[in-house]
Amino acid sequence: MKIIKQIIFVTIFFMFGVLAACWSADSNKKTRTNNSETTSPTTSTATPKINDNKTSNNSPGDSNNKVTNTPSTPPKSGGFQGNLPGGFQMPTDEVGQKMLKEYGAMFVAKGVTPPNTVVFKTESEVSAFQAGVQKSSENIGGFTMELQTAAMNALKEAIAEAKGKNLSITPRNADSSKRSYQQVLDNWASRVNPGLVYWVGKGRLPQTEANRIKALSPVEQITEIFKLEAQGMFFAQGNQKTIIYSVAPPGTSQHISMLALDVAQNDNAAVREVLARHGWFQTIPSDLPHFTYLGAQENELANLGLKKVTESGRTFWMPNL
Ligand SMILES: [Zn+2]
């Protein structure tokens, strides 16, 4: 009797083993991202899988607190991460990961030099980056615009095509293309400071806390503002939407990368079509004047790891993360 029981037990155990092996081989085939990560030379300890936050994110308003430990080299598995430039520093902090998700489309742009970091820390880092890229200046609509050369050439072609259709494409103002670290910082302060006053006035934020946040370094301030937004205290103009759809956090603007242009005629669908044909797309929802040079045709964007988001009747292309 005992022997029969043992045989049955061993048989069941063996069958289970075969099933588990099949399942595991199948899942390896489907999830190449996870597979390649296990071979990453930087993985010295058990590292959480990079995409897991997508499925485990079930707390609205505080989406980043589960991601703490991503590998520093992106997996070479296609999709958005597979299209990031060589030497790209994958962000490991919450702010960096959020900014990659929200502003990251430009990092897979073709024919140009995207930065290899999501957040520039200082003015000198920004100056060094801007000095190192191929760039061109042009007078457009009475403003001197400076962009990476491929982005400028494509823009000039778009302007020429638009002209043939009795349309014009001009910048909104003098700082519609390249921006310095300080300009981005000033724009950020122009939303943060009145926002703090607003939320103190609403009784949601103690004055002492507002003073403390105001005195922080730019990098520390980003984290604190995102924490307040997670509690419903928003900092875009009107205080109803997140600040990042209004101004960029210090060191993160696509304008720093010289791959962005704010277009005066952005509400004209025909203008947006012409720009798209020349590699200029919208990539930040709610920032309606803002266009990003991606150097690709619309039907290639999904292969770069970007996803189509429709908002305000417009199309935006964002990292599929
Ligand atoms: Zn812009």
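Calculation notes
For every chain, the first residue of the written sequence is number 1, and numbering continues from 1 along that sequence. Whole-chain, interface and lining totals are the exception, using all residues; otherwise, since this is a predicted model, local features are given only for residues with pLDDT of at least 70 and side-chain atom pairs are given and counted only at 80 or more. Hydrogens and water molecules were not included; the side-chain quantities draw on all heavy atoms of the structure. Note: metal donors comprise N, O and S atoms at 2.8 Å or less from the metal (3.2 Å for Na, K and Ca); water molecules are not included, so apparent gaps in a site are possible. Per the convention used, a helix needs a DSSP run of H or I reaching at least four residues, while a strand needs a run of E reaching at least two, with both numbered from the N terminus. Here the term buried applies to any residue with accessible area under 20% of the maximum for its type, exposed to any over 50%, and partly exposed to those in between, with areas from a 1.4 Å probe on protein chains only. Directions are taken from the helix axis to each C-beta atom, and the arc is the one they span. Only heavy atoms enter the contact rule, under which two residues are in contact if any of them lie within 4.5 Å. Salt bridges are counted wherever a side-chain nitrogen of Lys or Arg sits within 4 Å of a carboxyl oxygen of Asp or Glu.

With respect to the coordination of the zinc ion
- Only His-255 (NE2), Asp-262 (OD) and His-290 (ND1) from the protein reach the zinc ion as donors, at distances of 2.0 to 2.1 Å.
- One chain supplies every donor to the zinc ion, and in sequence these donors are spaced H-x6-D-x27-H. Residue Asp-262 is found in strand β3 (residues 260-262), and its partner His-290 is found in strand β5 (residues 290-293); the two are separated by 28 residues along the sequence.
- Under the relative-accessibility criterion, Asp-262 is labelled buried at 9%.

Some remarks on helix α6 (residues 123-132)
- Those residues of α6 lying buried are Val-126, Phe-129 and Gln-130. Around the axis of α6, the buried residues are gathered within 95° of arc, so they sit on the same side. Residues of α6 that are exposed and point over 90 degrees away from its buried face: Ser-124, Ala-128, Ala-131 and Gly-132.
- Each element contacted by the buried residues of α6 is listed here: β1 (135-140), β2 (143-148) and α8 (181-201).

As for the pattern of salt bridges
- Following the criterion strictly, the structure yields 9 salt bridges and no others.
- A salt bridge links Glu-161 to Lys-165; the nearest nitrogen and oxygen atoms lie 2.8 Å apart.
- Residues Arg-179 and Asp-175 are paired through a salt bridge, measuring 3.7 Å at the closest nitrogen-oxygen approach.
- Taking relative accessible area as the criterion, Arg-179 reaches 10% and is therefore assigned buried.
- Asp-175 gets classed as partly exposed once you look at its relative accessible area, which sits at 23%.
- Linked through salt bridges whose partners overlap, the residues forming this network are Glu-209, Arg-212, Glu-224 and Lys-227.

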